[in-house]
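Structure at a glance
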Amino acid sequence: AQSVTQLGSHVSVSEGALVLLRCNYSSSVPPYLFWYVQYPNQGLQLLLKYTSAATLVKGINGFEAEFKKSETSFHLTKPSAHMSDAAEYFCAVSHSNTGNQFYFGTGTSLTVIP
Amino acid sequence: EPEVTQTPSHQVTQMGQEVILRCVPISNHLYFYWYRQILGQKVEFLVSFYNNEISEKSEIFDDQFSVERPDGSNFTLKIRSTKLEDSAMYFCASSEWGGYGYTFGSGTRLTVV
């Protein structure tokens, strides 16, 4: 079975501080892992994805995530938060063995404090 | 960059009415999906479609729901008799193969009154 757990439904950081959004996955086979961002009243925008190539994945807007198999984690980080980063972030897992459907986490709402 | 296009962006319908949500997937993609996000909740899988048939569906996708690819370009989700609890954002997605090249549309917000 595939699933993801996002620890912390709400995260607040100061502008310029490190952003760390946590995601742990459960998968019986090597997974594909994704982070999506959703701004208010908008759709899902892909930030980055891991598909069994490099374990450190760089995405858009300065975000990156590291796939750690030993920890079954795929945490999202950004060295310096910007006000425009305030949004909802979703981690998702997929694999071709599951019909390629995505299993999303419950999301983490990021607030950036000026 | 190719996009998945969904129309309308917002639809309001009366309870009990039929509604059709439309999607135009990326042209060379072979797999098509619908997802739903109830306000404040996570995105949930509804159905996947490949080779002109449903390949997988969740327990949410009951007999009130159906999907169709009527003309080789559009991919539609029909809700036969809408209920208040069908109010949600509905996302269409398409992919080339596997989980690769998976692209979501910007969503249709359905409000059932």
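To be clear, the structure that these remarks concern was listed above.
Overview of the structure. Numbers given for residues are sequential positions, taken from 1 along each chain in its written order. Working convention: letters from A go to chains and numbers from 1 go to ligands, in the order in which they are written. Since the coordinates come from a predicted model, pLDDT governs what is reported: local features require at least 70, and pairs of side-chain atoms require 80 or more to be given and counted, while whole-chain, interface and lining totals use all residues. With hydrogens and water set aside, each side-chain value is computed from the structure's full complement of heavy atoms.

Quick notes on the overall build of chain B
Here is the rule we go by: Runs of H or I in DSSP of at least four residues are treated as helices and runs of E of at least two as strands, each being numbered from the N terminus. The reference for a compact globule is 2.2 Å times residues^0.38; the radius of gyration itself is calculated from the C-alpha atoms. Each residue gets one of three labels from its accessible area relative to the maximum for its type: buried under 20%, exposed over 50%, partly exposed in between, using a 1.4 Å probe on protein chains only. Any pair of residues with heavy atoms lying within 4.5 Å of one another is described as a contacting pair.
Assigned secondary structure in chain B consists of 0 helices and 11 strands. Traced from its N-terminal end to its C-terminal end, chain B shows the element sequence β-β-β-β-β-β-β-β-β-β-β. Relative to its length of 113 residues, chain B is compact, with a C-alpha radius of gyration of 13 Å against a globular reference of 13 Å. Dimensions along the principal axes, computed over C-alpha positions, put chain B at roughly 35 × 25 × 25 Å. Counting only residues that meet the buried cut, chain B has 46% of its 113 residues in that class. In chain B, once contacts between residues fewer than 6 apart in sequence are set aside, the share between residues at least 24 apart is 54%.

Thoughts on the sheet that holds strand 7 (residues 65-68) of chain B
All names here are of chain B. Condition: Two strands make a pair as long as DSSP finds a minimum of two bridges between them. Only the stretch in contact is used when fitting a helix axis, every axis being a line fitted to C-alpha atoms; angles between N-to-C directions are given from 0 to 180 degrees.
With antiparallel pairing, the 4 strands of this open sheet are ordered in space as 1-3-8-7. Edge positions in the open sheet fall to strand 1 (5-7) and strand 7, since each of these has one partner strand only. Taken pair by pair, the neighbouring strands of this sheet meet at an average axis angle of 20°, ignoring direction. In the sheet, strand 3 (residues 19-24) pairs with strand 8 (residues 75-79) via 5 bridges, with the strands oriented antiparallel. Across the sheet, Val19 pairs through a bridge with Ile79, a residue of strand 8.

A word on the pairing of strand 6 (residues 53-57) of chain B
Successive residues of a regular strand alternate their side chains across the two faces of the sheet. All names here are of chain B. Of the pairings in the sheet, the one linking strand 5 (residues 43-50) to strand 6 comprises 4 bridges and is antiparallel in character. Bridge pairing in strand 6 links Phe49 to Ile54. In this antiparallel pair of consecutive strands, strand 5 and strand 6, the connection spans 2 residues, and Asn51 shows a positive phi of 55°.

What to know about the pattern of salt bridges
Where we set the bar: Just to be clear on terms, a salt bridge is a Lys or Arg side-chain nitrogen sitting within 4 Å of an Asp or Glu carboxyl oxygen.
Enumeration according to the criterion identifies 3 salt bridges over all chains in this entry. Lys78 of chain A serves as the salt-bridge partner of Asp85 of chain A, at 2.9 Å between the closest nitrogen and oxygen. Accessibility expressed as a relative area gives 10% for Lys78 of chain A, which makes it buried. Ionic pairing is found between Arg36 of chain B and Glu44 of chain B, a salt bridge with its closest N-O pair at 3.6 Å.

Overview of the packing of aromatic side chains
To be explicit about the condition: Aromatic contacts are taken between Phe, Tyr and Trp rings whose centres are within 6.5 Å, Trp giving its six-membered ring; a plane angle under 30 degrees counts as stacked, one over 60 as edge-to-face, and the others as tilted.
Taken as a whole, this structure holds 23 aromatic pairs over all chains when the rule is applied. When the ring of Tyr25 of chain A is compared with that of Phe67 of chain A, the centres are 5.7 Å apart and the planes differ by 25°; the resulting orientation is stacked. Of this pair, Tyr25 of chain A sits in strand 4 (residues 24-26) while Phe67 of chain A sits in strand 8 (residues 64-68), and the two are 42 residues apart along the sequence. Side by side, Tyr25 of chain A and Phe67 of chain A carry an identical accessibility label, which is buried. Ring geometry for Phe32 of chain B and Phe75 of chain B: centres 5.5 Å apart, planes at 40°, overall tilted. Of the two residues, Phe32 of chain B is situated in strand 4 (residues 31-37) and Phe75 of chain B in strand 8; the sequence distance between them amounts to 43 residues. With respect to burial, Phe32 of chain B and Phe75 of chain B carry one shared label: buried.

Some thoughts on the layout of surface pockets
Rules: Method remark: on a 1 Å grid restricted to protein atoms, a set of points is classed as a cavity if a 1.4 Å probe fits but cannot get out and as a pocket if it is open with protein on both sides within 12 Å along at least five of seven lines; lining residues have an atom within 4 Å of a point. Grid points are joined across faces, edges and corners, and a volume is the space filled by probe spheres set on the points. Three classes are used: nonpolar for Ala, Val, Leu, Ile, Met, Phe, Trp, Tyr, Cys and Pro, charged for Asp, Glu, Lys and Arg, and polar for all others, with Gly counted as polar.
If you add up the space inside the largest pocket, you get close to 450 Å³. Lining the largest pocket are 17 residues, and of these Leu46 of chain A together with Glu1, Pro2, Thr103 and Phe104 of chain B lie nearest its centre. In terms of residue class, the lining of the largest pocket is built from 9 nonpolar, 5 polar and 3 charged. In this structure, the second largest pocket occupies an estimated 310 Å³ of space. Together, 17 residues line the second largest pocket, and Gln38 and Glu88 of chain A together with Gln37, Leu39 and Gly40 of chain B are the ones closest to its centre. Ranked by the residues each element gives to the lining of the second largest pocket, the list is headed by strand 10 (residues 87-94) of chain A, at 3 residues. Looking at the lining of the second largest pocket residue by residue, the class counts come to 7 nonpolar, 8 polar and 2 charged.

Quick look at the interface of chain A and chain B
What counts is decided by this rule: When two parts are brought into contact, each loses some accessible area as probed by a 1.4 Å sphere; the total of that loss over both is the buried area. Whenever a nitrogen or oxygen atom comes within 3.5 Å of another N or O atom, the pair is scored as a polar contact, on the condition that within protein one atom can donate a hydrogen and the other can accept it, and that pairs from neighbouring residues in sequence are kept only if both atoms are in side chains.
At the junction of the two partners, chain A supplies 20 residues and chain B supplies 22 residues. Interface area, chain A with chain B, both sides summed: about 1,600 Å², of which 57% is carbon and sulfur. Inspection of the region where chain A meets chain B yields 0 salt bridges. If you look at where chain A meets chain B, you find 3 residue pairs in polar contact (both at pLDDT 80 or more). Broken down by secondary-structure element, the contributors of at least two residues to the side of chain A that touches chain B are strand 5 (32-38) and strand 10 of chain A. In terms of residue count, strand 5 of chain A provides more of the side of chain A that touches chain B than any other element does, 4 residues in total. Taken together, the residues that form the side of chain A that touches chain B break down as 7 nonpolar, 12 polar and 1 charged.

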